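# An overview of the molecular structure
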Amino acid sequence: MPDRPLTLAIWQQPGVPGEPYTMVERLAALFARGALAGVDLLLLPELWTTGYMDALAVTEGSERPNGVYPGKIAALASKHGVAVAFGYAEHNRSRPYNSAQLVDPTGRAILHYRKVNLWADYERALFTAGDTPSAIAELHGWRIGFSICYDTEYPETVRDMAMRGADLVLAPAAVGREFALVGEAIIRVRAAENGVWLAFANRSGEELGYRFDGQSAIVGPDGVVRARADEDEALLVVTLDPAALPAARAEMPYLHEMRWAAPRL
């Protein structure tokens, strides 16, 4: 169990497709005005640098993990001493990966993940699917993993990380308004059934006529929402209590009491 609290922020905002420089300038301004003072970790949504619905912008904006804009984000993390987790399109020789990266307060990349479960024909035509579950990284004593958007709708994704010792799951997302159930209920169930903190950072606003749901949230390991955004730009800040982890797992001991039954043929 972590031995200290972790102050986590989620920044929900509309994106600007094809303008990663604008997104990074916005992030620099957020830091400059002191909005993240006292924050240990900032989580940004899925495909934060490129936008989501403009396939050409996604492809043309894809970068290596140490590319220009991931590098600029890492530099801001280092300058301000705040870890940053963000979604981006990772360059690949064929189709890009839908990826997420976590850099620590020194700007060092400590966790990288490629989305395994691609959503619908749009994503399956645009991206190469990842084939490896998220690793678990340690930040300030907290064990952290990634689950990108549609990944989180599969119970196995978060269960796997919980069984490998995760305390916190970061879920950058691009959920549309028609799938409001994800932010309303699914993320709460995933947190409660696994006894983990879960941070759901969704996109907001509209891109090419597609409306994102917003509703970003930080959920405790008991399934209780500690903070939630509406549809507009919002900055959520919550200090995660490590003592909530054993308390929730004692109250709902799913991991401890789980038994596997072989299916009948």
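Treat the numbers as computed from the prediction; the structure is a model and nothing was measured.

Turning next to the overall build of the chain. Assigned secondary structure in the chain consists of 8 helices and 14 strands. By the compact-globule yardstick of 18 Å for 265 residues, the chain fits well, its C-alpha radius of gyration being 17 Å. If you line up the chain on its principal axes, its C-alpha atoms span 50 × 50 × 30 Å. Residues counted as buried form 56% of the 265 residues belonging to the chain. Counting contacts in the chain only where the partners sit at least 6 residues apart, residues at least 24 apart contribute 70% of the total. Working note: accessible area of the chain is about 11,500 Å², and carbon and sulfur atoms make up 52% of it.

Let's shift gears to the sheet that holds strand 7 (residues 142-146). Through backbone hydrogen bonds, the strands of a sheet pair up, either in parallel or in antiparallel fashion. Taking strand neighbours across the sheet as the criterion, the 6 strands line up as 6-7-8-9-12-13 in an open arrangement whose pairing is mixed. One side of each edge strand has no neighbouring strand; the edge strands of this open sheet are strand 6 (137-139) and strand 13 (225-228). Neighbouring strand axes in the sheet, compared pairwise and without regard to direction, differ in orientation by 20° on average.

With that settled, consider unusual backbone geometry. Positive phi, close to 50°, is recorded for His 140, a residue that is not glycine. Along the chain, the position of His 140 falls in the loop between strand 6 and strand 7. For His 140, a relative accessible area of 31% puts it in the partly exposed group. Even without being glycine, Cys 149 reaches a positive phi, approximately 45°. Tracing the sequence through the fold places Cys 149 in the loop between strand 7 and helix 5 (155-163).

As a further point, take the pairing of strand 3 (residues 83-90). Of all 8 residues that make up strand 3, 8 are buried, and the element is covered over most of its length. With 3 bridges connecting them, strand 2 (residues 41-43) and strand 3 associate as parallel partners. Bridge pairing links Leu 43 to Ala 85 in strand 3. As paired strands, strand 3 and strand 4 (residues 97-103) are joined by 7 bridges and run antiparallel to one another. Across the sheet, the residue bridging to Val 84 is Val 103, located in strand 4.

Looking now at the sheet that holds strand 2. Within the open sheet, the 6 strands sit side by side as 5-4-3-2-1-14. Their pairing is mixed. Edge positions in the open sheet fall to strand 5 (109-114) and strand 14 (234-240), since each of these has one partner strand only. If you compare each strand with its neighbour and ignore which way they point, the axes differ by 20° on average.

Within the largest apolar cluster, 49 residues are counted, with the highest numbers of intra-cluster contacts made by Leu 41, Leu 168, Leu 170 and Leu 240. Core analysis: the next-biggest nonpolar cluster, separate from the first, contains 23 residues, Ala 9, Val 24, Leu 30 and Ala 77 among them.

Okay, the pairing of strand 7 next. Among the 5 residues in strand 7, 4 count as buried, and that is most of the element. Where strand 6 and strand 7 come together, 3 bridges link them in antiparallel fashion. Considered in strand 7, the bridge of Leu 139 is made with Trp 142. With antiparallel pairing between neighbouring strands as the criterion, strand 6 and strand 7 make up a hairpin whose turn holds 2 residues, including His 140 at a positive phi of roughly 50°. Pairing of strand 7 with strand 8 (residues 168-173), which is carried by 3 bridges, proceeds in the parallel orientation. Each bridged residue has a counterpart across the sheet, and for Ile 144 the counterpart in strand 8 is Leu 168. Between strand 7 and its parallel partner strand 8, the chain crosses via helix 5, and the hand of that crossover is right-handed.

Thresholds applied
- Think of each chain on its own: its residues are numbered from 1, step by step along the sequence as written.
- It should be noted that, the model being predicted, local features are given only for residues of pLDDT at least 70 and side-chain atom pairs only at 80 or more, the latter also being counted only at that level, while totals for whole chains, interfaces and linings use all residues.
- The basis for every side-chain value is the complete set of heavy atoms in the structure, and neither hydrogens nor water enter the calculation.
- The way it works is that DSSP assigns letters per residue, a run of H or I at least four long becomes a helix, a run of E at least two long becomes a strand, and they are numbered from the N terminus.
- When we talk radius of gyration, it's over C-alpha atoms, and the globule rule is simply 2.2 Å times the number of residues to the 0.38.
- Buried means the residue's accessible area, taken with a 1.4 Å probe over protein chains only, is under 20% of the maximum for its type, while exposed means over 50%, and partly exposed covers the values in between.
- Whether two residues are in contact is decided by their heavy atoms, any of which lying within 4.5 Å being enough.
- Each accessible area is a Shrake-Rupley estimate made with a 1.4 Å probe; only the visible protein chains count as cover when residues are assessed.
- DSSP calls a pair of strands paired once it identifies at least 2 bridges connecting them.
- Here, axes are lines fitted to C-alpha atoms. For helices the fit covers the stretch in contact, and angles between N-to-C directions go from 0 to 180 degrees.
- The definition of a nonpolar core used throughout is a set of buried Ala, Val, Leu, Ile, Met, Phe, Trp, Tyr and Cys residues joined through side-chain atoms within 4.5 Å.
- Here, the term right-handed applies to a crossover whose path from the first strand over the helix to the second runs clockwise when the strands point away from the viewer.

Just geometry here; none of it tells us what the structure is for.
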